[in-house]
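Chain residues, written in single-letter form:
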Amino acid sequence: MAKQNYKNHIRFYPPHHFVFYPLMLLFVIAVAYFASKADDDKQIWIFTGMLGMVVIWLSFMLRQHYALTLQNRLVLLELRYRYFVTTGRRLEPLEEKLSQGQLFALRFAPDDELPGLAERAAKENLSADAIKKAIKNWNPDHRRV
């Protein structure tokens, strides 16, 4: 597995991103083609296309929602634990000053950089992207979907 860093930390799920979505794109194109050629069945093709678009939208939303909701909780719990172990203090007072995106960006910081970067992010209101860029020794997260 390649060493993870800021530039390559985004992951794809091949069956979903490279099979399902291209097939759905072909479906939409086919429906549009047949709807444009049909004289008597145009409404059926339009309804089929709208139904397909709803399926595509729902599959995207549900796939993300279930996995990310659970993972967000786990990432936050791990971050709280790591912060407590490295500092002996609870993270919750800093959490109130940080957004979810900022907190989730901190997961890539190794233990020795985490406390200082968390406090700096709270004081300077660093964006999630700025937090990721400030990390010197990237701590990979290969398990996030």
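Going by the structure above, here's the rest.
Residues numbered from 1 in each chain as written. Predicted model: local features only at pLDDT ≥ 70, side-chain atom pairs only at ≥ 80, totals over all residues. Heavy atoms only, no water.

Draft legend 1. Inspection of the packing of aromatic side chains at higher detail. Under the criterion given, the structure shown has six aromatic pairs. Through successive ring pairs, a cluster of aromatic residues spans Y6, F108 and W138. (Phe/Tyr/Trp six-rings, centres within 6.5 Å; stacked < 30°, edge-to-face > 60°.)

Draft legend 2. Quick peek at the packing of helix 2 (residues 42–87) against helix 5 (residues 114–124). Between helix 2 and helix 5, the least distance of the axes is 9 Å, while the angle of their chain directions is 110°. Considered as vectors, helix 2 and helix 5 are oriented roughly perpendicular to each other. Counting all contacts with helix 2, which are made through L79, R82, Y83, T86 and T87, the residues of helix 5 involved are L114, P115, A118 and E119. Tallied by class, the residues present in the contact of helix 2 with helix 5 amount to five nonpolar, two polar and two charged. (Axes fitted to C-alpha atoms, helices over the stretch in contact; angles between N-to-C directions. Helix = DSSP H or I, 4+ residues; strand = E, 2+ residues; numbered from the N terminus. Parallel < 35°, antiparallel > 145°, perpendicular 65-115°, else oblique. Contact = heavy atoms within 4.5 Å. Nonpolar A, V, L, I, M, F, W, Y, C, P; charged D, E, K, R; others polar.)

Draft legend 3. Broad picture of helix 5. Those residues of helix 5 lying buried are L114, P115, L117, A118, A121 and A122. On its buried face, helix 5 sits against helix 2, helix 3 (92–95), helix 4 (100–105) and helix 6 (128–134). Count one or two residues on from helix 5 and you reach N125, which has phi positive near 50°. (Buried < 20%, exposed > 50% of the residue type's maximum accessible area, 1.4 Å probe, protein only.)

Draft legend 4. Structural context of the pattern of salt bridges. All chains considered together, the criterion is met by eight salt bridges. Ionic pairing is found between E95 and R80, a salt bridge with its closest N-O pair at 2.6 Å. Of this pair, E95 sits in helix 3 while R80 sits in helix 2, and the two are 15 residues apart along the sequence. Under the relative-accessibility criterion, R80 is labelled partly exposed at 26%. Across the pair K133 and D129 runs a salt bridge whose closest N-O atoms are separated by 3.3 Å. With K133 and D129 both in helix 6 and four residues apart, this pair spans about one turn of that helix. Classification of K133 as exposed rests on a relative accessible area of 53%. (Salt bridge = Lys/Arg side-chain N within 4 Å of Asp/Glu carboxyl O.)

Draft legend 5. Local environment of helix 1 (residues 14–37). A rise of 1.5 Å per residue sets the reference length of helix 1, with its 24 residues, at 34 Å; its end C-alpha atoms lie 33 Å apart and thus fit the reference within 8%. F20 marks the point of greatest bend in helix 1, at about 25°, and the proline P22 comes within the next four residues. Looking only at helix 1, the buried set comprises H16, M24, V31 and A35. Buried positions along helix 1 lie against helix 2. (Expected span 1.5 Å × (residues − 1). Bend = angle between axes of the 7 residues up to and from the residue.)

Draft legend 6. The packing of helix 1 against helix 2, seen in detail. Relative orientation of the contacting elements helix 1 and helix 2 amounts to 165°, with a least axis distance of 8 Å. The orientation of helix 1 relative to helix 2 falls into the category roughly antiparallel. For the pair helix 1 and helix 2, the sense of crossing is left-handed. The segment helix 1 lies against helix 2, with H16, H17, F20, Y21, M24, F27, V28, V31, F34, A35 and S36 engaging K42, W45, I46, T48, G49, G52, M53, I56, S59, F60 and R63. Residues that form the contact of helix 1 with helix 2 fall into these classes: 13 nonpolar, seven polar and two charged. (Left-handed = near helix turned anticlockwise from the far one by under 90°.)

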